[in-house]
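# A closer look at the structure
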Amino acid sequence: MSSKHQLRQAVHHRAKRSHGRWKTAFTPGTVPARSAYCLHSRHGPGKKRILQDVAIYNSIGATYADTRRPDPRIAARIHQALGGAATVINVGAGTGSYEPPQTVLAVEPSSVMTAQRPAGSAPALEASAESIPLADDSADAAMALLTVHHWSDLESGIGELLRIARQRIVILTFDPDINHRFWLLKEYLPEAATLDETPAVAVERLVTLLGGASIETVPIPHDCTDGFLAAYWRRPEAYLDPEVRAGISLFAQTGDEVLQPGLARLSDDLTSGRWHQHHADLLDREALDAGYRLLVADL
């Protein structure tokens, strides 16, 4: 028996023991009953963290349809990573960005996010990643995109991915060591990075929890249409736009009293030309490695 299979079997056993009475078989086109159980029945700090994240995303989610449009180049990388999976479950799905046509279910705790899913999207299940009320091996693949750093219990969440996926898991995340050296945080908003309540998740830890995974660098195009934190690395003026900031969780979790001094310095540096002088090496680049990584684990 392979080490990956042993890990998966151990996770299956633990998940069934803890939550088995809520695991239901999934038929494409249906949503299991008791879908809100895992969000509302948790106790202790885990539940508090989940509810805090839902509140954040209920707030920033209002602008997602405009500021977080999927980038086709990133989409191509994700869809390629899913390989030949005929059925996919999207965990921490948000508004449904990057879902391939073979998506059969989205798992998302924020009703504001799911309300913005495009017409014709796969059905959405209101649940948290840490306790998904689905049967084992519910789909060929599970994917989790820019979401694991918001989970209240990373180990449980990864365990659930291992449990519901038959063949493959695809995770888009970021390397915090590289991401936090991004010029916006390093030069203008170091306090925001320090005060960020989102726990950084080391890529190596994810690989270990998955029982092994390939790691692919995902360079960010200079004209990226998905407005996550580093998307505007060559368009610095965008960070002065409140609507752009409203769609980025780090800004949503940081008070204006922390943000405004750094943003004022950025505005001054853009007006004077200092930013362009200091970052002249970026101006002709087509893409940047800002730490975003695609993890692919075969089960």
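Residues numbered from 1 in each chain as written. Predicted model: local features only at pLDDT ≥ 70, side-chain atom pairs only at ≥ 80, totals over all residues. Heavy atoms only, no water.

## Remarks on the packing of helix 7 (residues 154-164) against helix 11 (residues 203-210)
Put simply, the rule is: An axis is simply a line fitted to the C-alpha atoms; with a helix, the fit covers only the stretch in contact. Between two such axes, the angle follows the N-to-C directions and lies from 0 to 180 degrees. In this description a helix means any DSSP run of H or I spanning at least four residues, a strand means any run of E spanning at least two, and both kinds are numbered starting from the N terminus. Roughly parallel refers to an angle under 35 degrees, roughly antiparallel to one over 145, roughly perpendicular to one between 65 and 115, and oblique to any angle outside these ranges. By convention, the crossing between two helices is left-handed when the near helix turns anticlockwise from the far helix through less than a right angle, and right-handed when the turn is clockwise. Residues count as neighbours in contact if any of their non-hydrogen atoms are within 4.5 Å of one another. Following the grouping adopted for this structure description, the nonpolar residues are Ala, Val, Leu, Ile, Met, Phe, Trp, Tyr, Cys and Pro, the charged ones are Asp, Glu, Lys and Arg, and the polar ones are all others, Gly among them.
Following both chains from N to C, one finds helix 7 and helix 11 inclined at 45°, their axes separated by 10 Å at the closest point. In terms of orientation, helix 7 and helix 11 fall into the oblique class. For the pair helix 7 and helix 11, the crossing hand works out as right-handed. Across the interface between the two elements, L154, E155, I158 and L162 of helix 7 pack against R205, L206, L209 and L210 of helix 11. In terms of residue class, the contact of helix 7 with helix 11 is built from 6 nonpolar, no polar and 2 charged.

## Side note on the side chain of R163
As a reminder of what qualifies: The definition of a polar contact used here is a pair of N or O atoms within 3.5 Å, where within protein one atom must be able to donate a hydrogen and the other to accept one, and adjacent residues in sequence count solely through side-chain atom pairs.
Within the element layout of this structure, R163 appears in helix 7. There is a polar contact of 2.8 Å between the side chain of R163 and the side chain of E160.

## Brief notes about the nonpolar core
The cut-off we apply is this: We define the nonpolar core as a collection of buried residues of types Ala, Val, Leu, Ile, Met, Phe, Trp, Tyr and Cys that are connected through side-chain atoms lying within 4.5 Å of one another. In this scheme, a residue with accessible area under 20% of its type's maximum is buried, one over 50% is exposed, and one in between is partly exposed, where area comes from a 1.4 Å probe on protein chains only.
Of all hydrophobic cores here, the largest spans 49 residues; its most connected members are I74, W183, L184, L189, Y239, F251 and Y292. The set of elements that each furnish at least two residues to this core consists of helix 5 (72-81), strand 4 (139-145), strand 5 (165-174), helix 9 (183-188), helix 10 (190-195), helix 13 (249-252), helix 14 (256-272) and strand 9 (292-298). In contact with L184, not counting residues within four places along its chain, are L189, L229, Y239, F251 and L266. In terms of nonpolar packing, the next biggest core, distinct from the first, is built from 31 residues, V91, A127, I132 and A144 among them.

## Quick look at the pairing of strand 1 (residues 88-91)
For clarity, the threshold we go by: Note: two strands are recorded as paired if DSSP finds a minimum of 2 bridges between them.
On strand 1, burial covers both faces: V88 and N90 on one face and I89 and V91 on the other are all buried. Relative to strand 4, strand 1 runs parallel, the two being bridged by 3 bridges. If you follow V88 over to strand 4, its bridge partner there is A141.

## Topic: the packing of aromatic side chains
For clarity, the cut-off: Stacked, edge-to-face and tilted labels apply to pairs of Phe, Tyr and Trp rings (six-membered ring for Trp) whose centres lie within 6.5 Å, assigned for plane angles under 30 degrees, over 60, and everything in between, in that order.
Applying the stated criterion to the full structure yields 8 aromatic pairs. Arranged with centres 6.0 Å apart and planes meeting at 85°, the rings of W183 and Y188 form a pair that is edge-to-face. Classification of Y188 as buried rests on a relative accessible area of 5%. Considering the side-chain rings of W183 and Y239, the 5.8 Å spacing of their centres and the 80° angle between planes classify their relative orientation as edge-to-face. Of this pair, W183 sits in helix 9 while Y239 sits in the loop between strand 7 (220-221) and helix 12 (242-246), and the two are 56 residues apart along the sequence. Judged by its relative accessible area of 5%, W183 falls in the buried class. Each residue in the set F182, W183, Y188, Y232, Y239 and W275 is aromatic and connected to the rest through ring pairs, giving one cluster.

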